[in-house]
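Spelled out, the chains give:
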Amino acid sequence: MIDPRVIEPIAARGWPAAHTDRLGGWRLHASDGQSGRINTCWALEPPDREIEAAIDSAEAWYAARGLAPRFKIIEADPQALDLVARLRRRGYTSNTPTLTMAGPLDGEIDPEATVSAHTCNGFARVFADPSFGHEADAAERLAALGRIPLPRGFALIRREGQPAAVGACAVEGEWAGIMGMRTSPAFRRQGLARRLFRTLTSFAASAGAVRAYLQVDQDNASAIALYEAEGFESGYLYRYWDKIAHP
């Protein structure tokens, strides 16, 4: 069993927002408005004020930064049912169901992989490939990667002299977060994701971690299958709630 009240604060520090604040047990995260996790209110525990006032305060906090308010709520959390009902009445809808998984650190460093405490031009080139989204999204995520505290690892595999696949790892105590797994379009379906994943779990073990967590879109069946094959198990699901029109 993965306890979200253990994992979520670690995950927040492992994928740091540019700006943070708190309303009691609600954690406010803001960056440039792109990535969900670093631009959302995480309602982990009760807020420090009446619930409607807390929603008002969260909305005002995001409005002051020119951002649309967004809430991240763990699925099937009994404490969140009232909040979900109140958000629905305000016109919020849910989107982007995301699965949190955890598993062992059984990998080995791939002979073609390099792992560094800093990103390089090759890493950024793969990470910012247009196939993954627009430039502003990549810029915000690369900035977040740069804020990850040490120990951290940025893995890169090159093929044919070209940067081909990248991924990142954030280590805090016994836990490691695996994130930012991307493969250049020209090198997909060559098993690089698995090799990169094993490289990152090996790095995490060498940095003192004993288990890893990751968060993946629920509809990304191929990624989930890869993680399950590496011994990872599903823990809990969360969704974002906002008033933004999604495709």
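In case you missed it, the structure is sitting above this.
Report follows, based on the coordinates. (Residues numbered from 1 in each chain as written. Predicted model: local features only at pLDDT ≥ 70, side-chain atom pairs only at ≥ 80, totals over all residues. Heavy atoms only, no water.)

### Overview of the nonpolar core
Using the following cut-off: Put simply, buried Ala, Val, Leu, Ile, Met, Phe, Trp, Tyr and Cys residues joined by side-chain atoms within 4.5 Å make one nonpolar core. Exposure classes here rest on a 1.4 Å probe applied to the protein chains alone. A residue is buried below 20% of its type maximum, exposed above 50%, and partly exposed in between. A run of H or I in DSSP becomes a helix once it reaches four residues, and a run of E becomes a strand once it reaches two; helices and strands are each numbered from the N terminus. Contacts between residues were defined by any pair of non-hydrogen atoms, one from each residue, lying within 4.5 Å.
Met101, Cys169, Leu214, Val216 and Tyr227 are the most contacted members of the largest nonpolar core, which totals 29 residues. Counting residues per element, the ones that place at least two in this core are β5 (93–104), β7 (152–159), β8 (162–172), β9 (175–183), α6 (192–206), β10 (211–217) and α7 (221–229). With 6 residues, α6 is the largest single contributor of residues to this core. Setting aside residues up to four positions removed in sequence, tyrosine 227 forms contacts with Met101, Met181, Phe197, Leu214, Val216 and Phe232. One finds Ala30, Cys41, Ala43 and Trp241 within the second-largest nonpolar core, a separate group that totals 21 residues.

### Remarks on unusual backbone geometry
Of note, the amide linkage connecting leucine 150 to proline 151 takes the cis form, showing an omega dihedral of -5°. In this structure, threonine 96 is a non-glycine residue whose phi angle is positive, near 50°. Mapped onto the fold, threonine 96 is located in strand β5. One non-glycine residue with positive phi stands out, namely glutamate 160, at about 55°. Locating glutamate 160 in the fold gives a position in the loop between β7 and β8. We classify glutamate 160 as exposed; its relative accessible area is 72%.

### Notes on the environment of aspartate 32
If you trace the backbone, aspartate 32 turns up in the loop between β2 (26–30) and β3 (41–43). Under the relative-accessibility criterion, aspartate 32 is labelled exposed at 56%. Considered as a pair, aspartate 32 and alanine 136 are 104 residues apart in the sequence and their alpha carbons are 8.3 Å apart. Apart from the residues within four sequence positions on either side, aspartate 32 is in contact with Asn39, Leu67 and Glu140.

### Focus on the side chain of aspartate 242
Stated precisely, the cut-off is as follows: Distance and chemistry together define a polar contact, namely a pair of N or O atoms within 3.5 Å, with one atom able to donate a hydrogen and the other to accept it when in protein, and with adjacent residues in sequence counting only for side-chain atoms on both sides.
Residue position: aspartate 242 is located in strand β11 (residues 233–242). Here the side chain of aspartate 242 touches asparagine 95 through a polar contact of 3.4 Å, side chain to side chain. Setting aside anything within four residues of it in sequence, one finds aspartate 242 in contact with Pro69, Arg70, Gly91, Tyr92, Thr93 and Asn95.

### Comments concerning the sheet that holds β3
Put simply, the rule is: Strands are treated as partners if at least two bridges between them are detected by DSSP. Angles shown run from 0 to 180 degrees and are taken between the N-to-C directions of axes, each axis being a line fitted to C-alpha atoms and, for helices, limited to the stretch in contact.
Read across the open sheet, the 11 strands follow the order β1-β2-β3-β4-β11-β5-β10-β9-β8-β7-β6; overall the sheet is mixed. Single-partner strands in this sheet number two, and they are β1 (19–23) and β6 (113–116). Geometrically, the sheet is characterised by an average inter-axis angle of 25° between neighbouring strands, direction not taken into account. Alignment of β7 against β8, held across 8 bridges, turns out to be antiparallel. Within β8, the residue paired with arginine 152 across the bridge is alanine 170. Where helix α2 (residues 51–63) meets the sheet, it contacts β1, β2, β3 and β4 (70–74), and its direction lies at approximately 15° from that of β2.

Interpretation in functional terms is not warranted from these geometric data alone.
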